[in-house]
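# Residue-level structure breakdown
Letter by letter, the chains look like this.
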Amino acid sequence: MPTPDTFWSYFGATVTYLAVLAIPGGLVGRAAGLRGWALAGLAPLLSYTVTGLAGPWLALAGVSYNPLTVAGVTAVLAGFGFGLRKLGQSRGWIKPGAEEPPTKWHPRAHYAVAACVALAVGISILVVLSARGGTTAVFQRWDTVFHANGIRYIAETGDGSLTGMGTVNWYPDGSFYPNAYHLVGSLVYSISGTTIPVTLNAITMPVAGIFALSMVALIRQLGGRAVFAGCTALVAAAATTGAYESVSSGLLPFALGIVLTPLAVVALARFLARPGLDTGYVLALTAVGLLAAHSSALFGALLFALPLVVQRWYRALRHKPLDGVPEGRGGLRIIGGDVVKMVPVMVASALLAAPHILGALKFTSGSYPYYAWGSDLPVVKSLGLLVTFRQVLSAPQVWLTVLLAIGVLSLFRLGRMRWIGLAALGFSALFVLVASFGAEPWVISLSRPWWNDRYRLMALAAIPLCLLAGHGMAELQRWFAKWASGRSWVKSRPALPARLGLATAVFVVAASAVLTKGFYTESNAHAVSFLYYNGPEGEVTPPVSADELAAMDQLTKMNIGPDEKVLNERFDGTAWLYAITGIHPVAGHYDPGVPPPDAKYLSLHFRDYDTDPEVQAAVKRLNIKHVLIGSTPIKIGEPPAPGLRDLDGLNFLRKDFGNAGASIYTLTR
């Protein structure tokens, strides 16, 4: 359901988001010595690092989180990185060069890959724009209300702590949640001056484009071909399970963590090739940024990077050449050196992320319930979903499956990147375990960082699978170029062989675009459209309806005090009240787990206000003067809470507003 905004407001929000992604992280990365695609790729992640560190540490220092203080933190982190780099150079500890990509790209290749990334960003924006209701539509899935309320809370209060935004629902103490996503969102909201729904849409639109950029940075760092990088960027923008499926389920910070995960390999590869103060600093910031974006992102990044390390150590034991390692150095010495040099990086990461680590430990030992999904799909079906890049869609992405098959069959052509095959095998096995044996206790324990959720594990598996599909697409170009180079009409024209690579690359990209109907833009838009409903189109009414939005607007005209809470039903669209209007509801999230005692008691007994002293006491404690009741539940068939049913006619309430889907009541005594 849309909220009123203009083209320029959401255009401004999108531009603001791209600036927030580029500037803080770009400054920090450049100061630490990053250049080229490594800088371009890592800049968004480092921006999330800057904000993810600024929020909690500023809160501990009693300093407000806002654009100005974030600029200060950016300057501190950039200055520290610059200082480390200069210190290492002056002492002779740093000899830059070994960490750079082992192969060069022609300038035309850089431009071509940049064009592919730009196209991927455009595809991502088009998918979200065409998904449902335009850029001002309200997200409707489960956790999106929590993210929306959190962004507004940080912007309005300046409280960037890891528990503060949870106080909208879990008052008075809040609840731990890694909040880099919300901290960036609050900057976009504050700077652009638009609404929360527009802010959320602006942050979501380029998500697959960020995925494409991360993939390109990884391939470039490891010496892959430019064609491989460009093709993978387009595959990343086309695969439903890469970014879109997580978005369609409302897993917004998780989707962010997925699209940033490949960058862990970029930072790690640079550090292993040339351990130093500067590369170690970037690696530490990368780890912290992933943790701040989403707790599971760091776990996923460690698993994704592990095959790279295994391949490196295997080559060391076989006395094969390694980047940055002098010839003749023993394998065990290389392995030991890698482990020892990682220790200070791990310590630095742990110190920087201390609030996140301590908060996560406290949360996991707390009372918040953990429910396993217990998926039990047949193994054959799980494998079928995996290789056809879909779960929420009924139609398989057949052409991506074809490219994946080609990529797997030509895995040996990946050279130093053959570890991707091992990563794909490991993540695919983990997905099948969770999808087919999700009720087994040991599987539940193994997959707990991802909440035992097959949709999250599918997104993780999509990272190496997209790389393999991109490799398959690049191999098609190689085959076409080789075939064409042997034709007599090519040999007879001296200028053609030099242009053959570009021509065949354009041909493969164009053919892929045609066969996939615009890189599956329409089907991906259909998948993302579920974000604007609570299920497939036509089956579920949006929880945040036009009637409820009209009632929220009416509340803004009723002089609700800043210390008041409006009593509302937890499972309808009124949980969005704070995000839409800034007025605090009693229930600020659909989640019924561990609700505040007063909120729970009122949901059960509010109708007994006249005769129940505890209801009266709870109303007084929460300073409730108004009641807002909607009609469209987030949970299919969920009836209103017993204490909030049939309020018309009760002698302690006056009905001040009503339409087909929402009502506002005022307490008269």
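Preceding this section is the structure that the text describes.
Keep in mind that this is a model prediction, so the values were computed, not measured.

Per the secondary structure count, the protein chain includes 28 helices and five strands. In terms of overall dimensions, the protein chain is globule-like: its C-alpha atoms have a radius of gyration of 26 Å, near the 26 Å expected for 669 residues. Structurally, the protein chain occupies a C-alpha span of about 90 × 55 × 50 Å along its principal axes. Accessible area of the protein chain: about 26,700 Å², with a carbon and sulfur share of 65%. Considering the protein chain, the positive charge centre built from 51 side chains and the negative charge centre built from 36 side chains are found 20 Å apart.

Attention now moves to helix 11 (residues 252-260). Of all nine residues making up helix 11, nine are buried, and the element is well covered by its neighbours. Taken together, the buried positions of helix 11 are occupied by L252, P253, F254, A255, L256, G257, I258, V259 and L260.

To continue, consider the sheet that holds strand 1 (residues 565-568). Spatial ordering of the open sheet is given by 2-1-3-5-4, a layout of five strands whose pairing is mixed. Whereas interior strands pair on both sides, the edge strands pair on one side only; in this sheet they are strand 2 (584-585) and strand 4 (653-658). Relative to strand 2, strand 1 runs parallel, the two being bridged by two bridges. Opposite V566, over in strand 2, you have P585 as the bridge partner.

Moving on to the pairing of strand 5 (residues 663-667). The buried fraction of strand 5 amounts to five of the five residues, a majority that puts the element mostly inside the structure. Alternating residues of strand 5 divide into S663, Y665 and L667 and I664 and T666, and every residue in both groups is buried. Pairing analysis gives four bridges linking strand 3 (residues 624-629) to strand 5, with the strands arranged antiparallel. Counterpart to L628 in the pairing with strand 5 is I664. Of the strand pairs in this sheet, strand 4 and strand 5 are connected by five bridges, and their pairing is antiparallel. Its bridge partner being in strand 5, K655 is matched across the sheet by Y665. Where strand 4 folds back on strand 5, the antiparallel hairpin that results is connected by four residues.

Together, F7, W8, F11 and V15 line one region of the surface with nonpolar side chains, adding up to about 450 Å² of accessible area. Since its relative accessible area comes to 44%, F7 is described here as partly exposed.

Taken as a whole and judged by the stated rule, the model has 16 salt bridges. Residue D323 is joined to R416 by a salt bridge in which the shortest nitrogen-to-oxygen separation is 2.5 Å. Of this pair, D323 sits in the loop between helix 14 (295-317) and helix 15 (331-352) while R416 sits in the loop between helix 18 (398-409) and helix 19 (419-437), and the two are 93 residues apart along the sequence. As a salt-bridge pair, D453 and R456 come within 3.2 Å of each other at their nearest N and O atoms. The buried category is assigned to D453, whose relative accessible area is 6%.

All right, on to the side chain of R85 then. Mapped onto the secondary structure, R85 falls in helix 3 (residues 67-90). Not counting chain neighbours up to four residues away, the residues in contact with R85 comprise A31, A32, G33, I94, P96, R274 and D278.

Okay, the packing of aromatic side chains next. Taken as a whole and judged by the stated rule, the model has ten aromatic pairs. Taken together, a centroid distance of 6.0 Å and an interplanar angle of 50° make the contact between W142 and Y590 tilted. Residue W142 is located in the loop between helix 4 (107-129) and helix 5 (144-157), and its partner Y590 is located in the loop between strand 2 and helix 27 (597-605); the two are separated by 448 residues in the primary sequence. Taking the relative accessible area as the measure of exposure, W142 reaches 28% and is therefore partly exposed. The exposure class of Y590 is buried, given its relative accessible area of 0%. Between F480 and F507, the ring centres sit 5.3 Å apart and the planes meet at 85°, which makes this aromatic pair edge-to-face. You can see F480 sitting in helix 21 (residues 454-485) and its partner F507 sitting in helix 23 (residues 496-515), a full 27 residues away along the chain. An aromatic cluster is present here, built from F146, W170 and Y177 joined pairwise through their rings. The cationic tip of R220 hangs over the ring face of W105; the distance from NZ or CZ to the ring centre is 4.7 Å.

For the rest of this paragraph, the subject is the packing of helix 12 (residues 263-273) against helix 14. Axis separation between helix 12 and helix 14 bottoms out at 9 Å; the angle between their running directions is 35°. Considering how the two elements wind past one another, helix 12 and helix 14 form a crossing that is right-handed. For the pair helix 12 and helix 14, the contacting residues are A264, V265, L268 and L272 in the first and A301, F304, A305, L308, V309 and R312 in the second. Among the residues making up the contact of helix 12 with helix 14, the classes are represented as nine nonpolar, no polar and one charged.

At a minimum axis distance of 8 Å, the contact between helix 5 and helix 6 (residues 180-192) shows a crossing angle of 60°. Pair helix 5 / helix 6 crosses with right-handed handedness. Every residue of helix 6 that contacts helix 5 at H147, I151, R152, I154 and A155 is listed here: Y181, H182, L183, G185, S186, Y189 and S190. Per-class residue counts for the contact of helix 5 with helix 6 are six nonpolar, five polar and one charged.

Moving on, we come to the side chain of E564. Note that E564 resides in the loop between helix 25 (546-555) and strand 1. Looking at E564, its side chain comes within polar contact range of the main-chain nitrogen of G561, at 3.0 Å. In this structure E564 touches N559, H584, L622, N623, K625 and H626, once residues within four positions along its chain are discounted.

Applying the stated criterion across every chain, the model contains zero disulfides. The cysteine C116 is free of any disulfide, with C231 supplying the nearest cysteine sulfur at 6.8 Å. Among the cysteines around C466, which has no disulfide bond, C231 carries the closest sulfur, lying 13 Å off. Residue C466 is classed as buried on the basis of its relative accessible area of 0%.

Moving on, we get to the environment of G25. Checked against the element boundaries, G25 lands in helix 1 (residues 7-31). In this structure G25 comes out as buried when scored by relative accessible area, which is 0%. C-alpha separation for the pair G25 and T49, spaced 24 residues apart in sequence, amounts to 7.7 Å. Those residues in contact with G25 that lie beyond four places of it in its chain are A43, L46 and S47.

Calculation criteria
Residues numbered from 1 in each chain as written. Predicted model: local features only at pLDDT ≥ 70, side-chain atom pairs only at ≥ 80, totals over all residues. Heavy atoms only, no water. Helix = DSSP H or I, 4+ residues; strand = E, 2+ residues; numbered from the N terminus. Rg over C-alpha atoms; globule rule 2.2 N^0.38 Å. Areas by Shrake-Rupley, 256 points an atom, 1.4 Å probe, with all protein chains shown as cover. Lys, Arg positive; Asp, Glu negative; His and termini not counted. Charge placed at Lys NZ, Arg CZ, Asp CG, Glu CD. Buried < 20%, exposed > 50% of the residue type's maximum accessible area, 1.4 Å probe, protein only. Pairing = 2+ DSSP bridges. Patch = residues over 30% accessible without salt bridge, like charges linked within 9 Å, V, L, I, M, F, W, Y side chains within 5 Å. Salt bridge = Lys/Arg side-chain N within 4 Å of Asp/Glu carboxyl O. Contact = heavy atoms within 4.5 Å. Phe/Tyr/Trp six-rings, centres within 6.5 Å; stacked < 30°, edge-to-face > 60°. Lys NZ or Arg CZ within 6 Å of the ring centre and 35° of its normal. Axes fitted to C-alpha atoms, helices over the stretch in contact; angles between N-to-C directions. Left-handed = near helix turned anticlockwise from the far one by under 90°. Nonpolar A, V, L, I, M, F, W, Y, C, P; charged D, E, K, R; others polar. Polar contact = N/O pair within 3.5 Å; in protein donor to acceptor, adjacent residues only side chain to side chain. Disulfide = S-S within 2.5 Å.

Shape is all these values report; function is a separate question.
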